[in-house]
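Listed below, chain by chain, are the residues.
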Amino acid sequence: MNLRTDLPSIPFIDVAAQRRRLGSAVDAAVARVLSHCQFILGPEVRAFEAELAAFCGAKHVITCGSGTDALVLSLRAMGIGPGDAVLCPSFTFCATAEVAALVGATPIFVDVDVATFNIDANGIMAAVDAAKSIGLTPKAVIPVDLFGLPADHAAVSAAAKAENLFVLDDAAQAFGASYHGRRLGTFGYATATSFFPAKPLGCYGDGGAVMTDNDGLAEAIRSLRVHGHGNDKYDNVRIGLASRLDTMQAAILIEKLKIFPDEIASRDRISRRYTEALADVVITPVAPAGLTSVWAQYTLRVPAGRRDALATALKAEGIPTAIYYPIPLHRQHAYKNFPVGKGGVAVSDRLAAEVISLPMHAYLDTPSQDRIIDAVRRALKAA
Ligand SMILES: Cc1ncc(COP(=O)(O)O)c(C=O)c1O
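Owing to the predicted nature of the structure, the values given are computational and were not obtained by experimental measurement.

Draft legend 1. Molecular detail of the sheet that holds strand β6 (residues 178–179). With respect to topology, three strands assemble into an open sheet ordered β7-β6-β10, the strand pairing being antiparallel. On the outer flanks of this sheet lie β7 (182–183) and β10 (291–292), each paired with one strand and no other.

Draft legend 2. Focus on the packing of helix α3 (residues 67–77) against helix α4 (residues 95–102). The geometry of α3 relative to α4 is characterised by a closest axis approach of 9 Å and an angle of 40 degrees between their N-to-C directions. With respect to their mutual orientation, α3 and α4 come out oblique. Our pair here, α3 against α4, has a crossing hand that is right-handed. Touching Thr68, Leu71, Val72 and Leu75 of α3 are Ala95, Thr96, Glu98, Val99, Ala100 and Leu102, all from α4. Here the contact of α3 with α4 is built from residues that sort into seven nonpolar, two polar and one charged.

Draft legend 3. Just the site of the ligand, in detail. Around the ligand there are 15 residues in total, and Gly67, Thr68, Asp170, Ser194 and Lys199 lie nearest to it. Measuring from an oxygen atom of the ligand, one finds a side-chain N or O atom of Gln173 at 2.9 Å. Within the contact set of the ligand, an oxygen atom lies 2.7 Å away from a side-chain nitrogen or oxygen of Ser194. Elements supplying a minimum of two residues to the shell around the ligand: α3 and α4. Considering each element in turn, the shell around the ligand owes the most residues, three residues, to α3. In the shell around the ligand, the residues fall into five nonpolar, eight polar and two charged.

Draft legend 4. Here's a closer look at the environment of Asp213. Positionally, Asp213 belongs in the loop between β9 (208–212) and α7 (215–224). Residues Asp213 and Ala101 lie 112 residues apart in sequence; the distance between their C-alpha atoms is 26 Å. If we skip the residues at most four places from it in the chain, Asp213 touches Gly57, Ala58, Lys59 and His60. Polar side-chain contacts of Asp213 include one of 2.8 Å to the backbone nitrogen of Lys59.

Draft legend 5. Layout of the packing of aromatic side chains. Going through the model one piece at a time under the given rule, you end up with 17 aromatic pairs. Ring centres of Trp295 and Tyr298 lie 5.8 Å apart, and the angle between their planes is 40 degrees; this geometry places the pair in the tilted category. Here the aromatic residues Phe12, Phe91, Phe93, Phe117, Phe147, Tyr324 and Tyr325 are joined through ring pairs into a cluster of three or more. Directly above the ring of Phe55 sits Arg183, whose terminal nitrogen or CZ lies 3.9 Å from the centroid.

Draft legend 6. A look at the sheet that holds strand β5 (residues 166–170). In space, the seven strands of this open sheet follow the order β1-β9-β8-β5-β4-β2-β3, with mixed pairing throughout. Bordering the open sheet on either side are β1 (60–64) and β3 (106–110), each of which pairs with just one other strand. Strand-to-strand, the axes of this sheet are offset by a mean angle of 30 degrees, without reference to chain direction. As defined by bridge partners, strand β8 (residues 190–194) adjoins β9 across four bridges and the pair is classed as antiparallel. Paired with Ser194 across the two strands is Gly208, which belongs to β9. Lying over the sheet, α4 contacts β2 (84–89), β3 and β5, oriented at roughly 150 degrees with respect to β3.

Draft legend 7. Here's a closer look at the packing of α3 against α7. Running from amino to carboxyl end, α3 crosses α7 at an angle of 120 degrees, the nearest separation of the two axes being 9 Å. Classified by the angle between their axes, α3 and α7 sit oblique to one another. Like other packed secondary-structure pairs, α3 and α7 cross with a definite hand, here right-handed. Packed against α3, whose contacting residues are Leu73, Ser74, Arg76 and Ala77, the element α7 presents Leu217, Ala220, Ile221 and Leu224 at the interface. Classifying every residue of the contact of α3 with α7 by side-chain character gives six nonpolar, one polar and one charged.

Draft legend 8. Focus on unusual backbone geometry. The residue after Tyr324, namely Tyr325, is reached through a cis peptide bond having omega 10 degrees. Here Tyr325 lies in the loop between α9 (307–316) and α10 (346–354). The phi dihedral of His180 falls on the positive side, at around 45 degrees, and the residue is not glycine. Within the element layout of this structure, His180 appears in the loop between β6 and β7. For His180, a relative accessible area of 51% puts it in the exposed group.

Draft legend 9. Seen up close, a nonpolar patch on the surface. A surface patch of nonpolar side chains, about 290 Å² in accessible area, is lined by Leu34, Phe39 and Ile40. With respect to the helices and strands, Phe39 occurs in the loop between α1 (15–36) and α2 (43–56). Using a relative accessible area of 38% as the deciding quantity, one classes Phe39 as partly exposed.

Draft legend 10. A look at the pattern of salt bridges. This model, assessed by the stated rule, comprises 15 salt bridges. Measuring nitrogen to oxygen at the nearest pair gives 2.6 Å for the salt bridge that ties Asp349 to Arg331. Placement of the pair is Asp349 in helix α10 and Arg331 in the loop between α9 and α10, with a sequence separation of 18 residues. Judged by its relative accessible area of 24%, Asp349 is partly exposed. Judged by its relative accessible area of 51%, Arg331 falls in the exposed class.

Rules used throughout
Residues numbered from 1 in each chain as written. Predicted model: local features only at pLDDT ≥ 70, side-chain atom pairs only at ≥ 80, totals over all residues. Heavy atoms only, no water. Pairing = 2+ DSSP bridges. Helix = DSSP H or I, 4+ residues; strand = E, 2+ residues; numbered from the N terminus. Axes fitted to C-alpha atoms, helices over the stretch in contact; angles between N-to-C directions. Parallel < 35°, antiparallel > 145°, perpendicular 65-115°, else oblique. Left-handed = near helix turned anticlockwise from the far one by under 90°. Contact = heavy atoms within 4.5 Å. Nonpolar A, V, L, I, M, F, W, Y, C, P; charged D, E, K, R; others polar. Near = heavy atom within 4 Å. Polar contact = N/O pair within 3.5 Å; in protein donor to acceptor, adjacent residues only side chain to side chain. Phe/Tyr/Trp six-rings, centres within 6.5 Å; stacked < 30°, edge-to-face > 60°. Lys NZ or Arg CZ within 6 Å of the ring centre and 35° of its normal. Buried < 20%, exposed > 50% of the residue type's maximum accessible area, 1.4 Å probe, protein only. Patch = residues over 30% accessible without salt bridge, like charges linked within 9 Å, V, L, I, M, F, W, Y side chains within 5 Å. Areas by Shrake-Rupley, 256 points an atom, 1.4 Å probe, with all protein chains shown as cover. Salt bridge = Lys/Arg side-chain N within 4 Å of Asp/Glu carboxyl O.

The structure is reproduced here in structure tokens:
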């Protein structure tokens, strides 16, 4: 192997490069909050919610403390709780299923499509049957737009309609992506997203948002995020929680949203370069016609037995990789007793053994990307 220990290591996600680009604009935004001192639900929160709504086309945007809270608030506002089943993919980040359990409902795992990594809508009916067979009432499905790519929303929506399920889109990794010309945030009954720093649109701490076109749902979520308040803040009409996006984070996100379209274009260019250079030696990720991804991750599939060797070879050259996700949820300690839809989740198992993600962010320069491409090709040839 051709070891290049003289070269600096490449960041997996370069939050610092974006910080350098934003420079004094973010400093000034934070300074404005420090001077007006409205730290909770201050003017920047309202301004950011309006800008986000205009960006994605949703009627209502309600920001909150995290992407996880955005999902919890949505499920609570939909009235989902004990005795209900919530369908979700097994191949996802744990929060997708965690929120169902947190509201007292039961997550039911559905398999994913091998090419897109997203929920296979054909499995929804079987998961509904599995839920009913153990006395649960199927109430909702949470498709996930994994790694930045929209799920097959037309198919999910058709299956959900047939089974009378709410659709709660988990767009934590994919805000900014579009499905046949429509940005995420407008699919299903509600959409949840995350502003965790590593996300395509991330803040400098925790944050999240719910998007919906439904007035009643929006009102319930606004109430739930502040202890379930009614018309007066000391008149509590629901059991809620304290989950608000900090004004400081909203001020930062307003600046980040200005450069977001340019960053999405850059991520797209970088992903295309990866695919052009690697598609002949490894299975590269796809974006089906009509769908755009924000490439939260650039995820390859390699034969299971060769993945560790690839990661080790790249690490030796200062190139980090990550496995999202090494254990599908139906096999995790906290989730293994929840039901799986009839037909199983074999694709989730297979992907967990094969996936490996390369460094991916809007500031990955061409020489660094060439280094990664060259190292991946050499490692795969050597194996
Ligand atoms: C698919 C998915 N859903 C939900 C979440 C939860 O978001 P947060 O970390 O902001 O709570 C994440 C975050 O990693 C995620 O990737």
